[in-house]
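# Breakdown of the fold
The primary structure of each chain is shown beneath.
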There are 2 protein chains.
Amino acid sequence: MTLNLTRRLMLTGAMGTSIAGASACVSSVGSTTQAAAEGAFPPAPAIDPYLLGPKEGVALLSRNENPYGPAKSARDMIEYAASKGAYYTSFEAQVMLTEMIAEKNNVSPEQVVVTTGSGEVLSAIALIYGPKGPIVAPRLFWDTTALYAVNLRMANIERVPLAADMSVDLSTIEAKVTPETGLVQLCNPNNPTGMVSDAATLKAAVKRMASKTTVLVDEAYIELSDDPEGNSCVPLINAGHDVIVTRTFSKIYGMAGVRVGYSISSAETAEKIRATAMSWSPSLSIAAAIGCYNDEKFLAMSRSKIQEARDMVNTTIDTLGLTRLPSQTNFVYFKSGKEANAVQEAMMKKKISVRGQYMDYNEWTRVSMGTIADVERFCKALPEVLGA
Amino acid sequence: MTLNLTRRLMLTGAMGTSIAGASACVSSVGSTTQAAAEGAFPPAPAIDPYLLGPKEGVALLSRNENPYGPAKSARDMIEYAASKGAYYTSFEAQVMLTEMIAEKNNVSPEQVVVTTGSGEVLSAIALIYGPKGPIVAPRLFWDTTALYAVNLRMANIERVPLAADMSVDLSTIEAKVTPETGLVQLCNPNNPTGMVSDAATLKAAVKRMASKTTVLVDEAYIELSDDPEGNSCVPLINAGHDVIVTRTFSKIYGMAGVRVGYSISSAETAEKIRATAMSWSPSLSIAAAIGCYNDEKFLAMSRSKIQEARDMVNTTIDTLGLTRLPSQTNFVYFKSGKEANAVQEAMMKKKISVRGQYMDYNEWTRVSMGTIADVERFCKALPEVLGA
């Protein structure tokens, strides 16, 4: 039952990410206590110390999160919010974060919608535009939120094959777009490929498509790309194009468990999105985002560590003579030449968690940048697992 | 602009609650710093210390939250989760909380859906059942989430006048219900009246109505009622009736800013709700809920303090010879005989925040139980404000 529920939560709730050992973890509740609580009230129940993080000894390289997060600036604010009065939903804090995001992106606060993770804002967008017509998207993209709407029979996805180099085939996508298209959905950088579209080509294509329908660009990993500002489609919005950009605190900010994401669009579109989003965000989470949003030192440190890890992975893959895609993210997609699910299983035997197969890309593996130590283990394990 | 956005967030985002001084609060950012941060990274930005709680000197008696929360058992878990790896979305933690709720309520985990506050699960329910037919509900109830679906043109509300004593008029509601009814939505205890329906009468009516359509009972305040177990409609679910019960950690648990709520229903209904809910919950929030869910000492202390405050308020109202409703919650709805919005304004001049007018109940005021000190201020202010 636990296993079934875990699977169902994973399928319906979220990332569609496989979590190694999830059910085993749940059944070992009570093995260790948290730091002893003092005061008049009893301590919190004993819980598995790995319930809220990777299991002991497991290199978690299957999820595209920043292992150095959340920043101290975020954790300080969480503590502050919890002590100060997290019993109140704080619209004031939400307004403050909205204004900070607006200022940094040269838009007005009315154009920004903050939600409980970008999963929520993306799901809301899928619900708004899905009923209008097909969601046109590259064959491989982060499709969880579009599938949310498909599952509710509120949308259909029209997938366009990737180009030969596995980049997003913008010209073929553009050729599919008509005024009857519900939404064009792109990820830049894309997931699981990690590839960034050429900025000039992308922006020109987005402008033309946006004259026919709404274009959504999910920029979840943009802060990790070589030129975040140059790559972003945000400037197209104030130039009057029908474009929505989404971003998240789950990736470079390392706050996937804190859940803050946002969209930037026209004020009119933002109003629709705001009305459709379903939850209101924890003040704890909003406070954390306020704390770290402009923490440039944390972001620079994270970028540098992720780059270092990616260089290690790239070198290992290149040394083995394997094909890999040019990643500008914290994950690398490479063609191992072996069944992806078999590679995943063999890695798991070494307590290294990587992603399994995507669609019919059966010989491709996605590995995410964890800590340097965890990535070292992957680099050492890869030739062994591949029998190289 | 700030003000407009604040208003819009309040209208679309959530509780429809008026927050005194919200915009003033936002514009005073930077007045005080949080506890100094140490370490390699810069401290979090200076924020208004009241951004995440009531403004200094304001008795916040306009929101039905427990001022003694979150419990230490919850705060400990927030800290633990933030230190342990809140960068991971934790399905394992969500499964654990789901199992805890299931166990306490004698249902299976498949019957429980945990969301980011009960606002989300109630909104999802409104989206599922609204398109089927009208949502039949008492004239006064917590209608925010039904209105969410109305606003999206996914539902209509059919409001049934309250009985002469302002209780929910179950027999008139029942007479309206047909198989074409989308949903019957009740709050027990009701908001803003604070009244509990007679348990036997309620359960009998719910059973009969549930033979025609789905009946939702929002039990946000049930833990504050005199007989939580006896009043709850949860037992009807496993007896095979088409009933959904929702609960929240926002009220007695004092976690409105942490956002955890849940529904209990048949497993089949739960699957639909789970598929429709839009966000996935912060692991911080889930951890907090795990921490305090069975913290009976905190719950008993809270109940006792709220009861003490309510007795004070009741005595004050009775002494003034005013009509009040018999509340089994942490708020009291009373007929001041003066314009509700004028009472609200006069109270605000004394830095006491109470609710303004509901619908056309223009001489009724809702006051929530804050700390004893804050409630004392209300009791002292009331005769002055009413010119009694």
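Parameters and conventions
- Residues numbered from 1 in each chain as written.
- Chains lettered and ligands numbered in written order.
- Predicted model: local features only at pLDDT ≥ 70, side-chain atom pairs only at ≥ 80, totals over all residues.
- Heavy atoms only, no water.
- Helix = DSSP H or I, 4+ residues; strand = E, 2+ residues; numbered from the N terminus.
- Buried < 20%, exposed > 50% of the residue type's maximum accessible area, 1.4 Å probe, protein only.
- Contact = heavy atoms within 4.5 Å.
- Areas by Shrake-Rupley, 256 points an atom, 1.4 Å probe, with all protein chains shown as cover.
- Pairing = 2+ DSSP bridges.
- Axes fitted to C-alpha atoms, helices over the stretch in contact; angles between N-to-C directions.
- Salt bridge = Lys/Arg side-chain N within 4 Å of Asp/Glu carboxyl O.
- Domains from an automatic or database assignment.
- Nonpolar A, V, L, I, M, F, W, Y, C, P; charged D, E, K, R; others polar.
- Phe/Tyr/Trp six-rings, centres within 6.5 Å; stacked < 30°, edge-to-face > 60°.
- Lys NZ or Arg CZ within 6 Å of the ring centre and 35° of its normal.

### A word on the overall build of chain A
Counting its secondary structure elements, chain A contains 15 helices and twelve strands. Relative to its full complement of 388 residues, chain A shows a buried share of 62%. Counting contacts in chain A only where the partners sit at least 6 residues apart, residues at least 24 apart contribute 73% of the total. Accessible surface, chain A: about 13200 Å² in total, of which carbon and sulfur atoms supply 51%.

### Overview of the sheet that holds strand 7 (residues 243-248) of chain B
Residue and element names in this part refer to chain B. Sheet architecture is open: seven strands sit in the order 2-8-7-6-5-3-4, paired in mixed fashion. Since the sheet does not close on itself, it has two edges, and those belong to strand 2 (112-115) and strand 4 (157-160), each with one partner. In this sheet, neighbouring strand axes are inclined to one another by 20 degrees on average, regardless of whether the strands run parallel or antiparallel. In the packing of helix 6 (residues 144-151) onto the sheet, contacts are made with strand 3 (135-138), strand 4 and strand 5 (183-187), and the angle to strand 4 comes to roughly 145 degrees. On top of the sheet, helix 8 (residues 199-210) reaches strand 5, strand 6 (215-218) and strand 7; it is set at about 165 degrees to strand 5, its chief contact.

### Regarding the pattern of salt bridges
Enumeration according to the criterion identifies 22 salt bridges over all chains in this entry. One salt bridge connects A:E384 with A:K350, and the closest N-O pair in it is separated by 2.6 Å. Here the residue A:E384 occupies a position in helix 15 (residues 372-385), and A:K350 occupies one in the loop between helix 14 (340-349) and strand 11 (352-353), the gap between them amounting to 34 residues. According to the relative accessible area criterion, A:E384 is partly exposed, its value standing at 44%. Among the residues examined, A:K350 registers a relative accessible area of 33% and is labelled partly exposed. Its salt-bridge partner being B:R139, residue B:D360 comes within 3.1 Å of it at the nearest N-O pair. Linking B:D360 in the loop between strand 11 (352-353) and strand 12 (364-368) with B:R139 in the loop between strand 3 and helix 6, this pair joins segments that are 221 residues apart in sequence. Take B:D360: its relative accessible area is 48%, and that puts it in the partly exposed class.

### As for the pairing of strand 7 (residues 243-248) of chain A
Residues and elements named next belong to chain A. Here strand 7 lies mainly inside the structure; six of its six residues are buried. Taken together, the four bridges between strand 6 (residues 215-218) and strand 7 define a ladder with parallel strand orientation. In the sheet register, V217 faces strand 7, and the bridge partner there is V245. Sheet topology places strand 7 next to strand 8 (residues 261-264); four bridges connect them, and they run antiparallel. Its bridge partner being in strand 8, R247 is matched across the sheet by Y262.

### Some details on the domain arrangement of chain A
Often, the extent of an interface is quoted as the loss of accessible area upon association of its parts. Residue and element names in this part refer to chain A. Examined at the domain level, chain A breaks down into domain 1 (59-69 + 297-386) and domain 2 (72-292). Contact with domain 1, which involves 24 residues of that partner, is made by 26 residues of domain 2. The interface formed by domain 1 and domain 2 contains one salt bridge. Among the secondary structure elements, those contributing two or more residues to the side of domain 1 that touches domain 2 are helix 13 (296-319), strand 10 (331-335) and strand 12 (364-368). The element best represented in the side of domain 1 that touches domain 2 is helix 13, accounting for six residues. Partitioned by chemical class, the residues of the side of domain 1 that touches domain 2 number eleven nonpolar, eight polar and five charged.

### A closer look at the side chain of B:S123
By secondary structure assignment, the location of B:S123 is in helix 5 (residues 118-129). Overall, the relative accessible area of 1% leaves B:S123 in the buried class.

### With respect to the packing of aromatic side chains
Considering all chains together, one arrives at 18 aromatic pairs over all chains under this definition. An angle of 25 degrees between the planes, with centres 6.3 Å apart, marks the rings of A:Y253 and A:Y293 as stacked. Of this pair, A:Y253 sits in the loop between strand 7 and strand 8 while A:Y293 sits in the loop between helix 12 (283-292) and helix 13; the two residues are 40 residues apart in sequence, bridging distant segments of the chain. Classification of A:Y253 as buried rests on a relative accessible area of 3%. Take A:Y293: its relative accessible area is 2%, and that puts it in the buried class. Judged by centre distance (5.9 Å) and plane angle (85 degrees), the ring pair of B:Y333 and B:Y358 falls under edge-to-face. Highlighted residues: B:Y333 in strand 10 (residues 331-335) and B:Y358 in the loop between strand 11 and strand 12, separated in sequence by 25 residues. By relative accessible area, which is 0% here, B:Y333 ends up buried. Here the aromatic cluster, defined as three or more aromatic residues joined through ring pairs, consists of A:F249, A:Y253, A:Y262 and A:Y293. Looking at A:K104, its charged tip hangs above the ring of A:Y293, at a distance of 4.3 Å from the centre.

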